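# Structure assessment
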2 protein chains.
Amino acid sequence: MTETRPLRRDARDNIAKLQAAALEVFLAKGLDASLDEIARTAGVSIGTLYNRFGSREGLIDAVIPEVAGSKLLAFGTAVLAKTTPRERLEEFVTGMIDLQGEDPALNDAILRRYPDAVALLGICDRSIALGQDLVRDAHADGSLSPDFTEHDLFCMLWLAGIANRDPHAPANWQRVITRALDQAWTVGAAGQHAQTEVRGGSREGAEK
Amino acid sequence: MTETRPLRRDARDNIAKLQAAALEVFLAKGLDASLDEIARTAGVSIGTLYNRFGSREGLIDAVIPEVAGSKLLAFGTAVLAKTTPRERLEEFVTGMIDLQGEDPALNDAILRRYPDAVALLGICDRSIALGQDLVRDAHADGSLSPDFTEHDLFCMLWLAGIANRDPHAPANWQRVITRALDQAWTVGAAGQHAQTEVRGGSREGAEK
DNA sequence: ACCTAACTTGAGTGCACCCTCAAGATGGAA
DNA sequence: TTCCATCTTGAGGGTGCACTCAAGTTAGGT
């Protein structure tokens, strides 16, 4: 506990400006956006950014966990509102893929690109843990084949993550990933649910 | 047709040294390897590399199409040796994923990262076209669901490509992709073939 | 042995990013 | 109003890549 005297007004203002700018730029371009650009957007020098946040990770942790956390919390309750384990898991997968597609910052968080942003990491872990609970529920329930593992779920989200990061992604790559889940249900005629529900951003393609 | 006088001996030697070095480095690190490193490996200055090949794409096209072409040709005949459309397509998918995993240069080629390397592009296109023929055959045959499209196959290879490029890939992400094919066969109890056959390089994981 | 067109060289330019720190500006207590 | 601890600034140093071009070297014809 070090004695922390209050910040000067200009310092607090600059922190606020930097946080606003960081939020805007990170959400638009992902967590590896240029810090110079963030400082410029905030109307503050790059030196001030480092004075206040120390590093990129510091800035990330000061800004992203809150928005990502509330998004993921709302998402979690929506998922749990579904009635069957299968519906919940399907909703989780398609929903996460959509969220990652809409939000490059969340996407980078799930890819663990900045492992020193510990606050953010914790939040992502909680969300992934929720998904893995759903896998276990679906196993217990008998609806999900045991050879679809919790790790497989992680791989699906990771694949979606790296796919989102490529500006030349072909259209509708999401189908490949969601099909992998469709394949794993024990009942026949695997769900059209997941396949058709991907609402996300699909970029135009480098397709032929 | 410009009158092309023979090259001087030192020039020809340097071309050979550069090609050998480029092959080595490209195969090890992918087509975006540092050109300085290639020149250094060849024992030649970076200026000479540019004198002789003009650009990265020029060097790629002078070196990769031959090896990639013969690999893919052999692969193609191996695939066609399988008896059923289903076996052929499964072999194609798992085999391509393996090849891409072993060979970063081929992987980059399939991702079309250097669209100006026209010779290489042509070769990759032929291979992808083979896969798409196999999809059509499996459709005609009735064994593959019509909602698995040729484009879906392209997406599978593309996903494998970007996954291969990430040094922090989790273990066994390949299963997610091959499962997407398993899902699409019209007969029940979808193939253990594809799932268990991925022989490739699976890196250790960022898994927990 | 000489000569020159062909060739090689590598320091240099440019770019984009990260991060630092000496010098200057300013909030706010006294 | 004074004054200094706090804060901001932005040029500058470092990295790592692509690409160029004036100056120097050499193959190989005569």
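Refer to the structure printed above.
Computed from a predicted structure; not experimentally measured. (Residues numbered from 1 in each chain as written. Chains lettered and ligands numbered in written order. Predicted model: local features only at pLDDT ≥ 70, side-chain atom pairs only at ≥ 80, totals over all residues. Heavy atoms only, no water.)

Next up on the list: the protein's contact with DNA strand C. What surrounds DNA strand C is a group of 20 residues, the closest being Tyr-50 and Arg-56 of chain A together with Arg-8, Asn-14 and Asn-51 of chain B. The protein-proximal atoms of DNA strand C, defined as those within 4 Å of the protein, are 66% sugar or phosphate. With respect to DNA strand C, the backbone of Leu-35 of chain A contributes an N or O atom lying 3.4 Å from a phosphate oxygen. Arg-52 of chain B is positioned with one of its side-chain polar atoms (N or O) 3.2 Å from a phosphate oxygen of DNA strand C. Every element with two or more residues in the surface near DNA strand C is listed here: helix H1 (9-29) and helix H2 (35-42) of chain A together with helix H1 (9-29) and helix H3 (46-53) of chain B. Broken down by element, the residue count for the surface near DNA strand C peaks at five residues, all from H3 of chain B. When the residues that make up the surface near DNA strand C are grouped by side-chain class, the tally is six nonpolar, five polar and nine charged. (Near = heavy atom within 4 Å. Polar contact = N/O pair within 3.5 Å; in protein donor to acceptor, adjacent residues only side chain to side chain. Helix = DSSP H or I, 4+ residues; strand = E, 2+ residues; numbered from the N terminus. Nonpolar A, V, L, I, M, F, W, Y, C, P; charged D, E, K, R; others polar.)

Time to look at the interface of chain A and chain B. Listed per partner, the contact involves 32 residues of chain A and 32 residues of chain B. At the junction of chain A and chain B, the tally comes to six salt bridges. For Asp-152 of chain B, the salt bridge is made with Arg-179 of chain A, and the minimal N-O distance between the two is 2.4 Å. Sorting the residues of the side of chain A that touches chain B by element identifies helix H8 (150-164), helix H9 (174-182) and helix H10 (192-197) of chain A as the ones contributing at least two each. Here the residues of the side of chain A that touches chain B sort into 17 nonpolar, seven polar and eight charged. (Contact = heavy atoms within 4.5 Å. Salt bridge = Lys/Arg side-chain N within 4 Å of Asp/Glu carboxyl O.)

Residues in contact with DNA strand D amount to 22 residues; listed here are only the nearest, Arg-8, Asn-14, Ser-45 and Asn-51 of chain A together with Arg-56 of chain B. The share of sugar and phosphate among atoms of DNA strand D within 4 Å of the protein is 70%. In the environment of DNA strand D, a phosphate oxygen lies 3.1 Å from a nitrogen or oxygen atom belonging to the side chain of Arg-52 of chain A. Of all the secondary structure elements, the ones that give two or more residues to the surface near DNA strand D are H1 and helix H3 (46-53) of chain A together with H1, helix H2 (35-42) and H3 of chain B. With four residues, H3 of chain A is the single largest residue contributor to the surface near DNA strand D. Residues that form the surface near DNA strand D fall into these classes: seven nonpolar, six polar and nine charged.

It takes a turn of 180 degrees to lay chain A on chain B, together with a shift of 0.0 Å along the axis; the resulting RMSD is 0.1 Å. Between the two chains, the operation in question is that of a two-fold axis. Of the residues that chain A buries at the interface, 97% are likewise interface residues in chain B, meaning the two copies contact each other through the same surface. (Least-squares fit on C-alpha atoms with pLDDT ≥ 70 in both.)

A few words now on H2 of chain B. All names here are of chain B. Regarding H2, the residues found buried are Leu-35, Ile-38, Ala-39 and Ala-42. Along the axis of H2, the buried residues cluster in a sector spanning 95 degrees; they form a single face. Where H2 is buried, its residues touch H1, H3 and helix H4 (56-81). Its side-chain oxygen 3.2 Å from the backbone nitrogen of Asp-36, Ser-34 forms the N-cap of H2. Positive phi shows up at Gly-43, right after H2, with a value of about 70 degrees. (Buried < 20%, exposed > 50% of the residue type's maximum accessible area, 1.4 Å probe, protein only. Arc of directions from axis to C-beta.)

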